[in-house]
Amino acid sequence: MSQLTVALDMMGGDHGPPVTVPAAAQALSLLPTLHLVLFGPEAELSSWLQRFRLESHPRVTVHFCSQQVGNEHKAAYALRHLTDSSMRKALDALASGQARACVSAGNTGALMAMAVKVLNTLPGVDRPALITRLPQAGGGYALLLDVGANVSCDAGQLVQFALMGEQAARHTLDIDRPRIALLNVGAEANKGNEVVREAAQRLQGITGLHYCGYVEGDDLFAGKTDVIVCDGFVGNVALKTSEGVARLLLGLGQRRGPLWKILTFWLKRRLSHLNPDQYNGASLIGLRASVVKSHGSAGSLAFLNAILQAVAEIEHDLPASIAHRFDTAPQDSHAR
């Protein structure tokens, strides 16, 4: 196995091979040491592989399967009945050591259920969390988690997310001492629900963790913190709202007329970093191997960025870094 091998679910998302195959071809051209293992039904995948000359590419292995996970499938059904799906087979390749990371744009609930079943969580981690990058006003990124894997969390799980986010920021954003904050409805110590307040108290007691208190929704992009922690319900709403606003702003320049042409030029220069395609790829961290979830509606550029995110996690061996952090954190941080 190549040290830089990624398994791809070629059927996930709204588009499948018309998006995933061009992205795979582009990733191979950008990274000469990258190897890809592709999974999908032969009838839908073969013609696209031929079009982009991937069927006989020396750094591509193709495995055809008979099933695919749809958006309509419940996680329990997918886990039990879709064992020959492209999603499941990509995760199996990760578990067997055939690949070191996996990328899918498929059903989030099914992906999480299958990933936990096939890979298991790291010691000290109750459940994995989805983590993604947010562009910051002064440049660079902050990390937000959870953005949809766990709609309800207790204080101990929020603490676990903070520790995982700290390691992700260190190793994927190259920040030596990441600033950690809890997303809350106010900055004062007495604000928020009981779960958030208890998580804050626990985080304050962890040696070496740079916990800097609460951050509100209007500061998500302000550059005040490096890791923003919340439950998956709050995080998903915050992320989708942010993406909607970004698309609204970027779409304003599509209107006709000379003034709108000027606005288009300005928007493309000033707001291009807000385009969600540029930071597509939410990592399902807390597992024993790297799994990256792409947006279901992702285009080829966005899916390519998800592949590049998986490559970065391989290079930094993020699961091992998280495992080491939990070994050295206070026992209280492992609370269920």
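Residues numbered from 1 in each chain as written. Predicted model: local features only at pLDDT ≥ 70, side-chain atom pairs only at ≥ 80, totals over all residues. Heavy atoms only, no water.

(A) Quick look at the layout of surface pockets. Quantified by volume, the second largest pocket comes out at close to 260 Å³. Lining the second largest pocket we find 17 residues, and of these Leu183, Asn193, Val196, Asp231 and Val234 sit closest to its centre. Sorting the residues of the lining of the second largest pocket by element identifies strand S7 (179-183) and helix H7 (194-204) as the ones contributing at least two each. Classifying every residue of the lining of the second largest pocket gives 11 nonpolar, 5 polar and 1 charged. (1 Å grid on protein atoms, 1.4 Å probe; cavity = no way out; pocket = protein on both sides within 12 Å on 5 of 7 lines; lining within 4 Å. Points joined across faces, edges and corners; volume = space filled by probe spheres on them. Helix = DSSP H or I, 4+ residues; strand = E, 2+ residues; numbered from the N terminus. Nonpolar A, V, L, I, M, F, W, Y, C, P; charged D, E, K, R; others polar.)

(B) Spatial organisation of the environment of His171. Within the secondary structure, His171 is located in helix H6 (residues 155-172). On the basis of relative accessibility, which here comes to 25%, the residue His171 falls in the partly exposed class. Sequence-wise, His171 and Ala312 are 141 residues apart; in three dimensions their C-alpha atoms are separated by 8.8 Å. Those residues in contact with His171 that sit more than four places away from it in its chain are His316 and Ser321. (Buried < 20%, exposed > 50% of the residue type's maximum accessible area, 1.4 Å probe, protein only. Contact = heavy atoms within 4.5 Å.)

(C) Fine view of the confidence of the model for the protein. With 87% of its residues at a pLDDT of at least 70, the protein reaches an overall mean of 87. Confidence drops under a pLDDT of 50 for residues 272-277, and excluding neighbours within four residues, the segment shows 17 contacts in the predicted structure. Residue range residues 331-336 is modelled with pLDDT below 50. Its contacts to residues more than four positions away, or to other chains, number 19 contacts. (pLDDT = per-residue confidence, 0-100.)

(D) Quick peek at the packing of aromatic side chains. Under the criterion given, the structure shown has 1 aromatic pair. Seen from their ring centres, Trp48 and Phe52 are 6.4 Å apart, and the 15° between their planes marks the pair as stacked. One Lys or Arg, Arg51, reaches over the ring of Trp48 and ends 4.2 Å from the middle of that ring. (Phe/Tyr/Trp six-rings, centres within 6.5 Å; stacked < 30°, edge-to-face > 60°. Lys NZ or Arg CZ within 6 Å of the ring centre and 35° of its normal.)

(E) Layout of empty space enclosed by the protein. On inspection of all chains with the given rule, the structure shows 2 cavities of 30 Å³ or more. Here the largest cavity defines a volume of roughly 50 Å³. Of all the secondary structure elements, the ones that give two or more residues to the lining of the largest cavity are strand S10 (282-285), strand S11 (290-293) and helix H11 (318-328). Grouping the amino acids of the lining of the largest cavity by side-chain chemistry returns 9 nonpolar, 2 polar and 1 charged. What lines the second largest cavity is Gly12, Gly13, Asp14, His15, Gly16, Val19, Thr20, Ala105, Gly296, Ala298 and Phe303. Counted by class, the lining of the second largest cavity contains 4 nonpolar, 6 polar and 1 charged residues.

(F) Just the pairing of S7, in detail. Taking burial as the measure, the 5 residues of S7 include 4 buried ones, the bulk of the element. Both S7 and strand S9 (residues 227-229) contribute to a ladder of 3 bridges, which runs parallel. Looking across to S9, one finds that Ile180 is bridged to Val227. (Pairing = 2+ DSSP bridges.)

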